[in-house]
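# Observations on chain architecture
Chain by chain, the residues:
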Amino acid sequence: MGKSGRGEMFIWRYDPDTKKVDVYEWTRESDFFVFADSNGFGIGMGFKYGIYVNKTLERGSSSETKTFGNPMLSRKEDFEVEEIEVWAPD
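Heads up: these notes are all about the structure in this document. (Residues numbered from 1 in each chain as written. Predicted model: local features only at pLDDT ≥ 70, side-chain atom pairs only at ≥ 80, totals over all residues. Heavy atoms only, no water.)

## Describing the packing of aromatic side chains
Our working definition: Each Phe, Tyr or Trp ring (for Trp, its six-membered ring) is paired with any other whose centre lies within 6.5 Å, and the angle between the two planes then decides the class: stacked below 30 degrees, edge-to-face above 60, tilted in between.
With the rule as written, the count across this model stands at six aromatic pairs. Members of the aromatic cluster, each reached through a chain of ring pairs, are Phe-32, Phe-35, Tyr-49 and Tyr-52.

## Some details on the pairing of strand S5 (residues 40-43)
Note the cut-off: Pairing between strands is defined by DSSP: at least two bridges between them are needed. Going along the chain from the N terminus, every DSSP run of H or I of four or more residues is numbered as a helix, and every run of E of two or more is numbered as a strand.
Bridge analysis of strand S4 (residues 34-37) against S5 gives four bridges, and the strand direction is antiparallel. Each bridged residue has a counterpart across the sheet, and for Asp-37 the counterpart in S5 is Gly-40. Hairpin connection from S4 to S5: two residues lie between these consecutive antiparallel strands. Summarising the sheet, S5 and strand S6 (residues 51-54) pair through four bridges and their orientation is antiparallel. Paired with Gly-40 across the bridge in S6 is Asn-54.

## Remarks on the pattern of salt bridges
Note the following rule: Any Lys or Arg side-chain nitrogen located within 4 Å of an Asp or Glu carboxyl oxygen qualifies as a salt bridge. Three labels apply to residues, based on accessible area from a 1.4 Å probe with only protein chains included: buried if under 20% of the type maximum, exposed if over 50%, partly exposed otherwise in between.
Enumeration according to the criterion identifies four salt bridges in this entry. The partner of Asp-17 in a salt bridge is Arg-75, with the nearest N and O atoms 3.7 Å apart. Separated by 58 residues along the polypeptide, Asp-17 in the loop between strand S2 (10-15) and strand S3 (20-25) and Arg-75 in the loop between strand S7 (59-61) and strand S8 (78-80) bring together distant segments of the chain. In this structure Arg-75 comes out as exposed when scored by relative accessible area, which is 65%. Notably, a salt bridge pairs Asp-22 with Lys-20, separated by 3.5 Å at the nearest N-O pair. Exposure remark for Asp-22: the relative accessible area of 17% places this residue in the buried category. Of the residues examined, Lys-20 reaches a relative accessible area of 48% and is grouped as partly exposed. Among the charged side chains, a salt-bridge network with shared partners connects Arg-13, Lys-20 and Asp-22.

## With respect to the side chain of Thr-67
Condition: As used in this structure description, the phrase polar contact means that two N or O atoms lie within 3.5 Å; if the pair is within protein, one of them must be able to donate a hydrogen and the other to accept it, and residues adjacent in sequence are counted only when both atoms belong to side chains.
Tracing the chain through its elements places Thr-67 in the loop between S7 and S8. Within polar-contact distance, the side chain of Thr-67 engages the backbone oxygen of Phe-32 at 2.8 Å. Within the structure, Thr-67 has its side chain in polar contact with the backbone nitrogen of Met-45 (distance 3.0 Å).

## A look at the environment of Thr-56
Position of Thr-56 among the secondary structure elements: in the loop between S6 and S7. As for Thr-56 and Phe-35, which are separated by 21 residues in sequence, their C-alpha atoms are 16 Å apart. A polar contact of 3.0 Å, which involves the side chain of Thr-56, links it to the side chain of Asn-54.

## Examining the nonpolar core
Inclusion rule: Note on terminology: a nonpolar core comprises buried Ala, Val, Leu, Ile, Met, Phe, Trp, Tyr and Cys residues joined through side-chain atoms within 4.5 Å. Residue contacts follow a heavy-atom distance rule, with two residues in contact if any of their heavy atoms lie within 4.5 Å.
Ranked by size, the top nonpolar core spans six residues in total: Ile-11, Tyr-24, Phe-33, Ile-43, Phe-68 and Leu-73. Ignoring sequence-local partners within four residues, the contact set of Phe-68 consists of Met-9, Phe-10, Ile-11, Tyr-24, Glu-25, Trp-26, Thr-27, Phe-33, Ile-43 and Gly-44.

Structure below.
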C-alpha cells in the first residue's frame, strides 16, 4: 500500500474522433505516480487521480492531475471499465 513510481511514467488519451493520441509526461509538480490499497489503484494525483480503477476492475474515474498536467482523460469523470491493458519493459 502507498505511493510509488518514477519520472519515466506517463499517461495518455486517445480521441477516436480525431484519431489523435495525447501523451502527458511528468510535470515535476508532484511525485505522486501510483497509489494502491485494498479499494483500488490510482495513477497521478491532483484533487483526484488521473486514472482510478476500483478493486473489482469494473468502475473507474479520471480527473486533472498535477503529476502529469493532464485534463480529464475520459468523456465523463466516472466510467465503466471495458478493458485493461498493462505494459511493462522487458
